[in-house]
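Chain and residue survey
Here is what each chain is made of, one letter per residue.
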Amino acid sequence: MDNMTFGKYIPIPSLIHSLDPRLKIISLIIFLVAVFFDAGFLGYLILGILVLIIAICSRIQIKYVFKAIKPMLFMVLFLTIFNIFLIQTGEALFSIFSIVIYSGALLQSAYIFIRLVLIITLTTIMTSSTKPLDLTLAIEDLLSPLKKVKFPAHEIAMMISIALRFIPDLLEETKRIMKAQASRGVDFNEGKFMEKIKSIVSLVIPLFISAFQRAEELANAMESRNYNPDAPRTRYKSLTWQLQDTVALIIVTVVCVGVIVMSVIL
Amino acid sequence: MSIAFEKVEHMYNNDTPFSYHALKGVDLAITKGSFTAIIGQTGSGKSTLIQHINALLLPTSGKVTIDDYVITATDKPKKLKPLRKKAGLVFQFPEYQLFEETIEKDIIFGPLNFGVSYEEAKSLAAKALHQVGLDTSYLERTPFDLSGGQKRRVAIAGILAMEPDILILDEPTAGLDPHGTKEMMALFKSIQKLGKTVILVTHDMNHVLQYCEEVIVMNHGKVEKKDTVSNIFKDQQYLNTLGIDLPIITNFILALNDNGFNIDSSINTYERLIKAIGGELHG
């Protein structure tokens, strides 16, 4: 539990930290589009260098990025291996137990592996360099044009920010309950299958109860302060778009559009 | 000596930007069968300290010895269960750990985990429930319909049913009504009288004076003082620097003595205080 560093905001001064969260979200979306265009290894090399530069500018230690990738590694490998066996393009290379491996499969699987690693890395950098509340502010800002078609942008942003706000609390609560039950002889690591089920029950039920209690208390606290989602409101903190954000957006757009154009031409 | 800490350090989130040095070289010995209070400001490391006693936390460096069990950063006892049974830890607000459909099932959960037979666990549950002041009609009820104070009692019964040799309590009376508080403290005292070691983390100096024998003062992750209750309360100036007030009785005696009385300031019960003043207790 102590190793839950995935996506946790790391407060250090850096260029990436100081960028506008709206820019970061837009850039991430552009990048996600570009990464799914097949521009060959050269294209991924360019995107990889872009991610590397962003990582260096964010001053986040590489080992945190690795830590974030580690829990995802199983999924990434699972997808990669699945694809190696299932894709049947290109020439047949060799066969294992009557399953034929094609050259196209190896290539595609390599692409998928690279794509996922790049996406996870960039997402981790974004969440570690941006305060969760800034991210929700940015989401609300970016969605606000949709308010004209009655899209509940503020409500959604509020929901996201509450959810984000309670993640550390629930983790803390999980740790606390695990310790309390461990004191009563529960072994969360070992034991037979049925014992494990029982130990999970002893964790999940108290966790749900406290989550519902928290939700109710928060709802009451908001109501007693007359919270009204439709009320016109000002913000304590407003986002300001600066020159560096425009420059960053241009760089990301040029690189990503370049890769997309490359993939179309090739 | 039943519990010993030697140069124990504890770092939370070691090797990350969130690291926090919670215990800084703690040396400590708690005698078997004593009633020891751990006091200190919030964040002074009290809760971290007690979690080392049943190996929920391992020291970052240093050594914790509980009878035959030795816990260091690298080697913890292979089987933790006997140690967890030996040292029963009641967390702050333990009512959150209840999860079973009936109170009986919840109380026997601990004993069953430690390999006690079902029948024996049931009799332990009935006994523990009685100890915390609830009658056996509660056994079949669901814990979630109880009041906060009753839930607390059931949760404490869940630990008592494990029959620990060392009972560790983290602010067990926080949020209880005065009557319930008194009952609980008397219960812990009676458990000590059975020969068990009781360790109490508390902010209430009146409890320290009335029920405890030894006091450990924690400050910024260090054990600053370890002494008998009466010696600790002699140093009012020191306690004030930690934001700790004297117990009501001690304060009262000091005020009397300032005005010409000469009463022993180590008196720890109202009965003795009244006698010392020369009055009689009615009712």
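As the structure is a computational prediction, the values presented were derived from the model and not from experiment. (Residues numbered from 1 in each chain as written. Chains lettered and ligands numbered in written order. Predicted model: local features only at pLDDT ≥ 70, side-chain atom pairs only at ≥ 80, totals over all residues.)

1. Considering the overall build of chain B
A tally of helices and strands in chain B yields eleven helices and ten strands. Computed over its C-alpha atoms, the radius of gyration of chain B comes to 20 Å, within 12% of the 19 Å expected for a compact globule of 283 residues. Every one of the 283 residues in chain B was classed for burial, and the buried ones make up 42%. Considering only contacts in chain B between residues 6 or more positions apart, those separated by 24 or more positions represent 62%. (Helix = DSSP H or I, 4+ residues; strand = E, 2+ residues; numbered from the N terminus. Rg over C-alpha atoms; globule rule 2.2 N^0.38 Å. Buried ≥ 20, exposed ≤ 12 C-beta atoms within 10 Å, placed from the backbone. Contact = placed C-beta atoms within 7 Å.)

2. A look at the packing of helix α2 (residues 21-35) of chain A against helix α5 (residues 103-129) of chain A
Packed helix pairs are characterised by how far apart their axes lie and by the angle those axes make with each other. Residues and elements named next belong to chain A. Following both chains from N to C, one finds α2 and α5 inclined at 180°, their axes separated by 11 Å at the closest point. What the angle tells us is that α2 and α5 run roughly antiparallel. The segment α2 lies against α5, with Lys24, Leu28, Phe31, Leu32 and Val35 engaging Arg115, Leu118, Ile119, Leu122, Thr123 and Met126. A breakdown of the residues in the contact of α2 with α5 according to their chemical character gives eight nonpolar, one polar and two charged. (Axes fitted to C-alpha atoms, helices over the stretch in contact; angles between N-to-C directions. Parallel < 35°, antiparallel > 145°, perpendicular 65-115°, else oblique. Nonpolar A, V, L, I, M, F, W, Y, C, P; charged D, E, K, R; others polar.)

3. With respect to the sheet that holds strand β5 (residues 69-72) of chain B
Residue and element names in this part refer to chain B. Read from one edge to the other, the open sheet built from four strands follows the order β2-β1-β4-β5, with strand pairing classed as antiparallel. The two strands at the open ends of the sheet, each matched to only one other strand, are β2 (20-30) and β5. Strand after strand, the sheet turns through a mean of 20° between neighbouring axes, direction not considered. (Pairing = 2+ DSSP bridges.)

4. What to know about the sheet that holds strand β9 (residues 214-219) of chain B
Residues and elements named next belong to chain B. Read from one edge of the open sheet, six strands run β6-β7-β8-β3-β9-β10, paired in mixed fashion. Every other strand in the sheet has two partners, leaving β6 (87-90) and β10 (222-228) as the edge strands with one partner each. Neighbour-to-neighbour, the strand axes of this sheet turn through a mean angle of 15°, independent of strand direction. Note that strand β7 (residues 166-170) and strand β8 (residues 197-201) share five bridges and pair parallel. Each bridged residue has a counterpart across the sheet, and for Ile166 the counterpart in β8 is Thr197.

5. What about the packing of helix α3 (residues 40-58) of chain A against α5 of chain A?
Residues and elements named next belong to chain A. Here α3 crosses α5 at 20°, and the two axes come no closer than 10 Å. Here α3 is positioned roughly parallel relative to α5, judged by the angle of their axes. α3 and α5 meet at a crossing whose hand is left-handed. Side by side, α3 and α5 meet where Tyr44, Leu47, Gly48, Val51, Ile54, Ala55 and Ser58 of the first sit next to Ile114, Leu118, Thr121, Leu122, Ile125 and Ser129 of the second. Its residues assigned to classes, the contact of α3 with α5 shows nine nonpolar, four polar and no charged. (Left-handed = near helix turned anticlockwise from the far one by under 90°.)

6. A word on the domain arrangement of chain B
Residues and elements named next belong to chain B. Taken as a whole, chain B is organised into domain 1 (1-78 + 165-229) and domain 2 (94-164). Distance between the C-alpha centres of domain 1 and domain 2: 24 Å. Facing the ten residues of domain 1 at the interface are eight residues of domain 2. Broken down by secondary-structure element, the contributors of at least two residues to the side of domain 1 that touches domain 2 are β7 and α6 (178-193). (Domains from an automatic or database assignment.)

7. Re the environment of Arg214 of chain A
Residues and elements named next belong to chain A. Within the element layout of this structure, Arg214 appears in helix α8 (residues 193-224). Taking the C-beta count within 10 Å as the criterion, Arg214 has 14 such neighbours and is therefore assigned partly exposed. A C-alpha to C-alpha distance of 9.9 Å links Arg214 and Leu170, two positions 44 residues apart in sequence.

8. Examining the nonpolar core
Grouped together as the largest cluster of nonpolar side chains are 81 residues, with contacts concentrated most on Ile107 and Ile168 of chain B. The dominant element in this core, judged by the number of residues it contributes, is helix α5 (residues 148-160) of chain B, at six residues. If sequence neighbours within four positions are ignored, Ile168 of chain B has contacts with Ile50, Ile53, Ala87, Gly88, Leu89, Val90 and Ile199 of chain B. The next biggest cluster of nonpolar side chains, apart from the first, holds 22 residues, and it includes Leu19, Ala68, Ile125 and Cys256 of chain A. (Core = buried A, V, L, I, M, F, W, Y, C linked by C-beta atoms within 7 Å.)

9. Quick word on the interface of chain A and chain B
Of the residues lining the interface, 18 residues belong to chain A; the matching set on chain B comes to 22 residues. Of all the secondary-structure elements, those providing two or more residues to the side of chain A that touches chain B are α7 (153-183) and α8 of chain A. The greatest single-element share of the side of chain A that touches chain B, amounting to seven residues, is contributed by α7 of chain A. Among the residues making up the side of chain A that touches chain B, the classes are represented as eight nonpolar, six polar and four charged.

10. A short note on unusual backbone geometry
With phi around 65°, Lys150 of chain A is a residue other than glycine that occupies positive phi space. Residue position: Lys150 of chain A is located in the loop between α6 (132-143) and α7. In this structure, Lys7 of chain B takes a positive phi of about 45° despite not being glycine. Relative to the elements of secondary structure, Lys7 of chain B occurs in strand β1 (residues 3-12).

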